[in-house]
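What follows is each chain in one-letter form.
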Amino acid sequence: MKYIIEIAENKKSFAEEFFKNVSFIKKVKEIPSNEITNPAILKSIEDYENAIVKPTPISLEELKQMLHN
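Quick caveat, the model's predicted, so the values are computed rather than measured.

**Regarding the overall build of the chain**
Part 1 of the reasoning: Helix and strand content of the chain: three helices and zero strands.
Part 2 of the reasoning: Ordering the α and β elements of the chain from the N terminus gives α-α-α.
Part 3 of the reasoning: For the chain, whose C-alpha radius of gyration is 19 Å, the value lies well above the compact-globule estimate of 11 Å for 69 residues.
Part 4 of the reasoning: Along the three orthogonal principal directions, the C-alpha set of the chain runs to about 50 × 30 × 15 Å.
Part 5 of the reasoning: Here the chain holds 69 residues, and 4% of them are scored as buried.
Part 6 of the reasoning: About 7,100 Å² of surface is accessible on the chain, with carbon and sulfur atoms providing 57% of the total.
Part 7 of the reasoning: Measuring between centres, the 10 positive side-chain charges of the chain sit 6 Å from its 11 negative side-chain charges.

If you want it as structure tokens, here you go:
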């Protein structure tokens, strides 16, 4: 099981040491703010890269309508 928590920058080292000392926590890893961690999104990217899924063609006008509704 994985949890993602946000830690204040000035408490980062304390939090890392704290979690490393908790017996049932296996690994502590910092995740950059721009890293994608959602498995569904990662799977869809992988499927696209492996040509399993084709992109849906859409015009710029249709996209604008979808965003504004």
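There is more to say, and it comes next.
**Describing the packing of aromatic side chains**
Part 1 of the reasoning: What the rule picks out here adds up to two aromatic pairs.
Part 2 of the reasoning: Seen in terms of ring centroids, Phe-18 and Phe-19 are 5.3 Å apart; in terms of plane orientation they differ by 70 degrees. Their pairing is edge-to-face.
Part 3 of the reasoning: For Phe-19, a relative accessible area of 23% corresponds to the partly exposed category.
Part 4 of the reasoning: Grouped by ring-pair contacts, the aromatic residues Phe-14, Phe-18 and Phe-19 constitute a single cluster.

The rules behind the values
- Residues numbered from 1 in each chain as written.
- Predicted model: local features only at pLDDT ≥ 70, side-chain atom pairs only at ≥ 80, totals over all residues.
- Heavy atoms only, no water.
- Helix = DSSP H or I, 4+ residues; strand = E, 2+ residues; numbered from the N terminus.
- Rg over C-alpha atoms; globule rule 2.2 N^0.38 Å.
- Buried < 20%, exposed > 50% of the residue type's maximum accessible area, 1.4 Å probe, protein only.
- Areas by Shrake-Rupley, 256 points an atom, 1.4 Å probe, with all protein chains shown as cover.
- Lys, Arg positive; Asp, Glu negative; His and termini not counted.
- Charge placed at Lys NZ, Arg CZ, Asp CG, Glu CD.
- Phe/Tyr/Trp six-rings, centres within 6.5 Å; stacked < 30°, edge-to-face > 60°.

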